[in-house]
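Chain by chain, the residues:
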Amino acid sequence: MRCADSFLIIINVKLFHVSSAGNDFNFASFFFSTMGKTIFQKICDKEIPADIVYEDDQVLAFRDASPQAPTHVLMVPRKSIPRVNEAKDEDKLLLGHLLLKAAEVARGLGLGENGFRLVINNGQDGGESVPHLHCHILGGRSLQWPPG
Ligand code: AMP
């Protein structure tokens, strides 16, 4: 058996295992989590530039490259969790920290008085496009509900 054959078999076993567990399978997520870094991981590691507005040892916040509101910032954990649906009990403190810091960043950007929206997209129907958990901080205009 050639090396490439055994690699494909390993991929197939992993695919079967994930879909048989009843979870949505996202090839992009699988690929990036096993084979490389997401774009947000590269931003956390300072391998690509971003307009960073806050960082500490657990999270990083930077302006969205395609803003959907006058203020649009993304808050990401440094730990590479693909999406909230895959967060574990052990991530409880990290996710609490992320939310509290998102509100702190929103206040720091002047959104405290008029309000803001925090959004976490999860999976295909949720509109997720980057498989690295992130919380959108949106504000600076009146946001509509329900979302499209
Ligand atoms: P989502 O659709 O919830 O996965 O959100 C991903 C967000 O990441 C989108 O709003 C994109 O505009 C934003 N985005 C993608 N690449 C970058 C980047 N290099 N720097 C800043 N924001 C980015």
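## Quick notes on the pairing of strand β5 (residues 135–139)
Phase 1: With five of its five residues buried, β5 lies for the most part within the structure.
Phase 2: With burial as the criterion, each face of β5 is covered, one bearing Cys135, Ile137 and Gly139 and the other bearing His136 and Leu138.
Phase 3: Judged from the four bridges that link them, strand β4 (residues 116–119) and β5 form a sheet pairing that is antiparallel. Residue pairing in the sheet places Phe116 in a bridge with Gly139 of β5.

## Notes on helix α4 (residues 92–108)
Phase 1: Its 17 residues place the ends of α4 24 Å apart at the C-alpha level, agreeing with the 24 Å of an ideal helix rising 1.5 Å per residue.
Phase 2: Of all the positions in α4, only Leu94, His97, Leu98, Lys101, Ala102, Ala103, Val105 and Ala106 are classed as buried.
Phase 3: Those residues of α4 hidden inside the fold are in contact with β1 (52–55), β2 (59–63), β3 (71–77), β4 and β5.
Phase 4: Following α4 by one or two positions, Gly110 has its phi on the positive side, about 85°.

What counts, and at which threshold
- Residues numbered from 1 in each chain as written.
- Predicted model: local features only at pLDDT ≥ 70, side-chain atom pairs only at ≥ 80, totals over all residues.
- Heavy atoms only, no water.
- Buried < 20%, exposed > 50% of the residue type's maximum accessible area, 1.4 Å probe, protein only.
- Helix = DSSP H or I, 4+ residues; strand = E, 2+ residues; numbered from the N terminus.
- Pairing = 2+ DSSP bridges.
- Expected span 1.5 Å × (residues − 1).
- Contact = heavy atoms within 4.5 Å.

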